[in-house]
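# Overview (structure and organization)
The residues making up each chain are set out below.
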Amino acid sequence: MHGRQASQLVKELASSEKGQLKPFNMQHNTCNFNVFGSLGMLHVLRFLSDLFDQVIEQCEQHHLELQSLIRKIQDEGLDVQTTRNADHYGALIHHLSLVRNKRCLLAYVYNRAEIIRSFIWKVGPVLPEEIQEKLSHTEGDHFRRYSASLNSYVQEVGVDLTLDMVPPKDPYIKVRVLDDMGAIVLSDKTANLARHSMHFLRRTDAEQYIAQGLMEELTG
Amino acid sequence: MARVGMARVLLVCPVVFRKEVNGVKIDDSVEKGFVEAGSRSELPFWLAKELHLRQAVSMSTPACFNQKTRMEIQADAACVDLRSRCPYFYEFGCKIAPLVGDQTIGYLLLSAFKTRYEIILSKAHTATFSASSKLSTILTKEETDLYETAQWSMAAFKKWRTGGPRFQKASILGRKRRSID
């Protein structure tokens, strides 16, 4: 069926939870599965995860068949623009399939890029390992460049746009550290952020650590 | 059986070819290498639509808007499993209706949605988890979005009323940590 793989690729987006990311569906991304050992398993993962490449391959196939049908029309001495024979409709179907596949590929890449850009607002400029490994090489690059351009804008206007929108009642908040972070230099002091210790920190310092799940805010 | 499976995956339309088509692999044309005019097939909606507009095929109403579904919706729209018929029942209906020239589809969609919308909203605010999981198996994708939006707005209202920590861990990180714990 025409465009089946492409629709599977788009469905992968639709079926995943909002704002969550799955590993990029491309062969060279599976190399980190090597650690699992068994060849059979590797084979299965390969099969599952090179959809993106499969769709591109299909596009090339459609392109070849489209060209050969057009050539056939020309060889018969007919005008490609006005002929409406069986070859024309065959070429039309290949053309439509090609355009459809392209659209699905673009939708896949575009929607992922949107989620990836949202990370910078939710998590901050440093992505944890478990997210990093889901990005393809170009996506990682996109994230770094987006982060850099946001950063340069923030420096130009002099306001950190990634901070909370609601004005704080108190510039300081009470937090509990959830994971050993060691001594960290904050904007107003150096604090030893040991696990389970409680601190009184500037909101602006604490925000990124809370977003990364390293601290929690204490209320009341 | 393969057909049924396919219909669930893709939005397919039954079509009749009005023109001969060369060099494509659709259904039984794989061996012959061409599709005869007058042969019947099922094509994905995006392809069927374009070919229909160019008068290469003529579309007819897809199976998910058949007489059986209509009767069930008339009987009690709230209990019909629309999800298995078509996960995008309303959107698909809106797109298909002008193409096949079937004006009854509009009324069908409207009457189904009226009844179901009411139930979705009331269940979203009141239902316990077990009741809602049963409901979610019959909702279309569009209805599921509505249901989740309703629940989310209720949760946001409760949070606004009772207060709570302003900052939370980014939701993208949530799942993995929990599975380790």
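Predicted model only: the values in this text are computed from it and were never measured.

Tallying secondary structure elements over chain B gives 10 helices and five strands in all. Across the 181 residues that make up chain B, the buried fraction comes to 36%. Sequence separation of at least 24 residues holds for 64% of the intrachain contacts in chain B that already meet a minimum separation of 6.

Attention shifts here to the UniProt feature "domain: DNA replication complex GINS protein PSF1 C-terminal" (unreviewed entry) in chain A. Look at the UniProt record and you will see "domain: DNA replication complex GINS protein PSF1 C-terminal" (unreviewed entry) annotated at residues 169-219 of chain A. End C-alpha atoms of residues 169-219 of chain A are separated by 13 Å, and the span's content is 18% helix alongside 43% strand.

Here the focus is the sheet that holds strand 4 (residues 40-44) of chain B. All names here are of chain B. Pairing is antiparallel in the open sheet, where three strands are placed in the order 4-1-5. Each having just a single partner strand, strand 4 and strand 5 (57-59) make up the two edges of the open sheet. Pairs of neighbouring strands in the sheet enclose a mean axial angle of 40 degrees, with direction left out of account. Two elements, strand 1 (residues 12-17) and strand 4, share five bridges in a ladder whose sense is antiparallel. Following the sheet pairing, Cys-13 is matched in strand 4 by Leu-43.

Turning our eyes to something else, we now look at the UniProt feature "domain: GINS subunit" (unreviewed entry) in chain A. Mapped onto this numbering, the UniProt entry gives "domain: GINS subunit" (unreviewed entry) at residues 71-156 of chain A. Secondary structure across residues 71-156 of chain A comprises 77% helix and 0% strand; the distance between its end C-alpha atoms is 57 Å.

Glancing now at the pairing of strand 1 of chain B. Relative to strand 5 of chain B, strand 1 of chain B runs antiparallel, the two being bridged by three bridges. Looking at the pairing, Val-16 of chain B lines up with Ser-58 of chain B of strand 5 of chain B.

The next thing to look at is the packing of helix 3 (residues 51-75) of chain A against helix 4 (residues 86-122) of chain A. Residues and elements named next belong to chain A. Between helix 3 and helix 4, the least distance of the axes is 9 Å, while the angle of their chain directions is 155 degrees. One element, helix 3, and the other, helix 4, form an angle in the roughly antiparallel class. Crossing geometry of helix 3 relative to helix 4 is assigned as left-handed. For the contact of helix 3 with helix 4, the per-class residue count stands at 12 nonpolar, eight polar and four charged.

Time to look at the packing of helix 4 of chain A against helix 3 (residues 45-53) of chain B. Running from N to C, helix 4 of chain A and helix 3 of chain B point in directions that differ by 135 degrees, and their axes come no closer than 10 Å. What the angle tells us is that helix 4 of chain A and helix 3 of chain B run oblique. The element helix 4 of chain A and its partner helix 3 of chain B pack so that their crossing is right-handed. Here Leu-92, Ile-93, Leu-96, Ser-97 and Arg-100 of chain A of helix 4 of chain A lie close against helix 3 of chain B, whose contacting residues are Trp-46, Leu-47, Glu-50 and Leu-51 of chain B. Each residue belonging to the contact of helix 4 of chain A with helix 3 of chain B can be placed in one class, and the counts come to six nonpolar, one polar and two charged.

Calculation rules
Residues numbered from 1 in each chain as written. Chains lettered and ligands numbered in written order. Predicted model: local features only at pLDDT ≥ 70, side-chain atom pairs only at ≥ 80, totals over all residues. Heavy atoms only, no water. Helix = DSSP H or I, 4+ residues; strand = E, 2+ residues; numbered from the N terminus. Buried < 20%, exposed > 50% of the residue type's maximum accessible area, 1.4 Å probe, protein only. Contact = heavy atoms within 4.5 Å. UniProt positions renumbered as here; feature names shortened; annotations may be inferred. Pairing = 2+ DSSP bridges. Axes fitted to C-alpha atoms, helices over the stretch in contact; angles between N-to-C directions. Parallel < 35°, antiparallel > 145°, perpendicular 65-115°, else oblique. Left-handed = near helix turned anticlockwise from the far one by under 90°. Nonpolar A, V, L, I, M, F, W, Y, C, P; charged D, E, K, R; others polar.

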